[in-house]
Amino acid sequence: MPRVAGRRWMGALLGLWLLQGPGLAAGDETYTVQPGDTLWDITERLEVPPWAWSSGDASEPMPLRSGDRVYRTTNGIRVERSEAPVVRLSPRLRQLAPREIVAPIPMASIRVWLTGHRIVEQCCDALPRVVSGEEGQLVSAAGQRILVRGVTGPRGRYYGIYAPGRAIRDEQGQVLGYSLALSGEARLDRVGSPLSVLTLTQGRREITAGDLLLPREARIPPENLQPHPLPAGVSGHIVADPATGRVIAAHDVITIDLGKQDGVIPGTVLGIYRTDPEVRDPLDHQRLALPSRQIGLALVFRSYQHAGYALVMHIDEPLSPGDRLAAPQT
C-alpha cells in the first residue's frame, strides 16, 4: 500500500480511533506501546480513566499501534506516532511494514459471546423452529438438511440455530429477555409454507426439534467499543443468567439489566458497586447506612433493548448477581 502523506489512514482497522490531545505538561508520564497491549491496559498504566482516549481534537483520528508513544497530559492523552520502517519495492513504490494495531480490550475474552450468545425479547413460539431433519432424523453434521417452520427471507440467507432460552429477570422479577446460546448455523435453500429447507453449515452441538432460528447477527466492529462512561443518574444491576456463574471474576462476562432504552451501547463503561450491611449506633440504637463503594469496572460489548452483556475489566473482590451498576467514579 502506498505511503500516504499527512498521516491519513484508510479504513476502520481493528482497535479504537485515538484522538490527538493538547501539548505535554511538565512531569506527565509516558508509555511506549508494546505488542499485546490493549487500550484498557495503557490507561491503567497511565492512571487515567478508560474513556480518556476520547478527549482532545477529533480532526485527525489515528489507530494506536505498537511502538507509538503515549503521554498523559493535564487534559487527557496525547499520542506520538512512531513511523514504521519503509520497505522500498521499486523506484516508484514504497510500502509501510505492518505493525500490530492495539485492540480496545482482550478480544479473545468476548469472541465466543460476540458470535455464540444473544438476547431476544420474545421466546419461543414467536420464532421459527426446527421440525426435523430432512428424513426425520436428528441433525448434527454440516451438510445435512433441516426442515424449519416459520422461516421467511431470501434464499441464501444465513440463520443461527439456538436452543430454547431461559428468561432473564431484573430485581423485581420482570422478564427483560431470553438468553440464547448458539447450536449451529444454516443456509436457507428452499422457502415454503409451512416448511422450508435449510442446509446446516456449522454445528456446535446436536440440533434437535424445537431449536430456534434467527437471522445471523451483525458483527460489532472493535472500533465501536470506544470507551465512554455511563451517564449520571442511570443505574442497574448484574442479573442472574443461566449462562453466568454465581461468582464472577475479572474477564468474565456478565448479563446486565441495562440496554438501549437506558442509553447503554457498546463501549459504555460501568462502575460496579456494593453496599455493606448497616451499622447500629450503640447509643441510640439507630441503624446507619454506609455509602456504597465501587468494587469493579465493566465494559459493555453487546446491547439489546432491555439488557446486555459486559466484560468485567477490573475488580477488587469477587462479584455476584445483584451488585449495582452506575456511572464509574473518576
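Preceding this paragraph is the structure being described.
The model shown is predicted, which means the values in this text are computed figures rather than measured ones. (Residues numbered from 1 in each chain as written. Predicted model: local features only at pLDDT ≥ 70, side-chain atom pairs only at ≥ 80, totals over all residues. Heavy atoms only, no water.)

A. Region of the structure containing the sheet that holds strand S2 (residues 30-32). Read across the sheet, three strands follow the order S2-S4-S5 without closing on themselves; strand pairing throughout is antiparallel. Looking at which strands have only one partner, the edges of the open sheet turn out to be S2 and strand S5 (76-80). Taken over all neighbouring pairs, the strand axes of this sheet differ in orientation by 20° on average, direction set aside. Summarising the sheet, strand S4 (residues 69-73) and S5 pair through five bridges and their orientation is antiparallel. Bridged to arginine 69 within S5 is glutamate 80. Strand contacts of helix H1 (residues 39-46): S2, S4 and S5, with the helix running at about 145° to S2, the strand carrying the most contacts. (Pairing = 2+ DSSP bridges. Helix = DSSP H or I, 4+ residues; strand = E, 2+ residues; numbered from the N terminus. Axes fitted to C-alpha atoms, helices over the stretch in contact; angles between N-to-C directions. Contact = heavy atoms within 4.5 Å.)

B. Inspection of unusual backbone geometry at higher detail. With an omega of 10°, the peptide bond between cysteine 123 and cysteine 124 qualifies as cis. Inspection of the secondary structure assignment puts cysteine 124 in the loop between strand S8 (117-120) and strand S9 (129-133). The omega torsion across serine 193 and proline 194 is 10°, close enough to zero to call that bond cis. Topologically, proline 194 is positioned in the loop between strand S13 (175-190) and strand S14 (195-203). For glutamate 47, which is not glycine, the phi torsion reads 60° and is therefore positive. Assignment of secondary structure puts glutamate 47 in the loop between H1 and strand S3 (57-63). Of note in this structure, histidine 251 is not a glycine but carries a positive phi near 70°. Note that histidine 251 resides in the loop between strand S17 (236-237) and strand S18 (253-256).

C. Representation of H1 within the structure. Looking only at H1, the buried set comprises Leu39, Trp40, Ile42, Thr43 and Leu46. Taken down its axis, H1 places every buried residue within 160° of arc, on the same side. Trailing H1 by a residue or two, glutamate 47 shows a phi angle of about 60°, which is positive. (Buried < 20%, exposed > 50% of the residue type's maximum accessible area, 1.4 Å probe, protein only. Arc of directions from axis to C-beta.)

D. Examining the state of the cysteines more closely. Summed over the entire model, instances satisfying the criterion amount to one disulfide. Bridging cysteine 123 to cysteine 124, the disulfide has an S-S length of 2.0 Å. Measuring the twist about the S-S bond at about 65°, one finds the cysteine 123-cysteine 124 disulfide to be right-handed. (Disulfide = S-S within 2.5 Å.)

E. Structural context of the packing of aromatic side chains. Applying the stated rule across the entire model yields three aromatic pairs. Each ring, one from phenylalanine 301 and one from tyrosine 309, has its centre 6.4 Å from the other, and the planes form 20°; the classification is stacked. The pair formed by phenylalanine 301 and tyrosine 309 is uniform in burial state, with each residue classed as buried. The aromatic ring of tyrosine 273 is capped on one face by arginine 324, whose charged end is 5.1 Å from the ring centroid. (Phe/Tyr/Trp six-rings, centres within 6.5 Å; stacked < 30°, edge-to-face > 60°. Lys NZ or Arg CZ within 6 Å of the ring centre and 35° of its normal.)

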